[in-house]
Amino acid sequence: MLRTYHGSCHCGAVTFEADLDLAAGTARCNCTFCLKSRAWTAFVQPSAFQITRGAETVVAYRRHAEAPVKFHCPTCAIQTHSTGDADYMDGPFVGIFVSTLDDATPEELAAAPIRYSDGRHDNWRNAPALTAYL
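**Student:** Please provide a residue-by-residue account of the overall build of the protein, values included.
**Tutor:** Assigned secondary structure in the protein consists of two helices and 10 strands. What you see in the protein, going N to C, is helices and strands ordered as β-β-β-α-β-β-β-β-β-β-α-β. Rg of the C-alpha trace for the protein: 14 Å, near the compact-globule value of 14 Å for 134 residues, within the 12% margin. Once the C-alpha set of the protein is aligned to its principal axes, its extents read approximately 40 × 35 × 25 Å.

Structure follows, in structure tokens:
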């Protein structure tokens, strides 16, 4: 069910709202960024996401020109979201780090389906052979 979720970094300096449906699915990937950061992401269109506090302070990181831009709080270093534009995502997207959703219930999180991507091999539409470690 589509609803407006509120999220934040650990210290609360960066807050956001996102209209999303966790039951529609979330994602985990084995690319080097997602693996090292233990990222769990829900994707929305840019119009469904708004930073409500701290937009002027978030720090952007991008490993290379084709990679999504990841954003984190300069104070507590928690990653809140990413942005990108890719054909495998049907154009522009915002990736919300599910762990930063403040009002998602444990039941919603446990029920959220997870789609796995083999980002390590640029095989974004398919799961890697092993996913239990993600």
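Moving on from the model shown.
**Student:** Can you break down the nonpolar core residue by residue, with the values?
**Tutor:** With 16 residues, the main nonpolar core has Leu 20, Leu 22, Val 44, Phe 49, Ile 96 and Leu 101 as its most contacted residues. Taken together, the elements giving at least two residues each to this core come down to β2 (15-20), β4 (41-44) and β9 (91-97). Ranked by residues supplied to this core, first place goes to β2 with three residues. Every residue in contact with Phe 49, bar those within four places of it in the chain, is listed here: Phe 16, Glu 17, Ala 18, Val 44, His 81, Val 94 and Ile 96.

**Student:** Describe the side chain of Ser 117, listing the residues and the values that go with them.
**Tutor:** Turning to its location among the elements, Ser 117 is positioned in strand β10 (residues 114-117). Only 2.9 Å separates the side chain of Ser 117 from the backbone oxygen of Trp 124, close enough to count as a polar contact. Ignoring sequence-local partners within four residues, the contact set of Ser 117 consists of Arg 28, Cys 29, Asn 30, Asn 123, Trp 124, Asn 126, Ala 127 and Pro 128.

**Student:** Describe the pattern of salt bridges, with residues and values.
**Tutor:** Using the criterion set out here, one finds two salt bridges in the structure. The salt bridge involving Arg 3 is made with Asp 103; its shortest N-O contact spans 3.8 Å. Highlighted residues: Arg 3 in strand β1 (residues 3-8) and Asp 103 in the loop between β9 and α2 (106-111), separated in sequence by 100 residues. Since its relative accessible area comes to 27%, Arg 3 is described here as partly exposed. A salt bridge links Arg 3 to Glu 108; its shortest N-O distance comes to 3.0 Å. Here Arg 3, found in strand β1, pairs with Glu 108, found in helix α2; they are 105 residues apart in sequence, far enough to count as distant. When its relative accessible area of 22% is taken as the criterion, Glu 108 is described as partly exposed.

Calculation notes
Residues numbered from 1 in each chain as written. Predicted model: local features only at pLDDT ≥ 70, side-chain atom pairs only at ≥ 80, totals over all residues. Heavy atoms only, no water. Helix = DSSP H or I, 4+ residues; strand = E, 2+ residues; numbered from the N terminus. Rg over C-alpha atoms; globule rule 2.2 N^0.38 Å. Core = buried A, V, L, I, M, F, W, Y, C linked by side-chain atoms within 4.5 Å. Buried < 20%, exposed > 50% of the residue type's maximum accessible area, 1.4 Å probe, protein only. Contact = heavy atoms within 4.5 Å. Polar contact = N/O pair within 3.5 Å; in protein donor to acceptor, adjacent residues only side chain to side chain. Salt bridge = Lys/Arg side-chain N within 4 Å of Asp/Glu carboxyl O.

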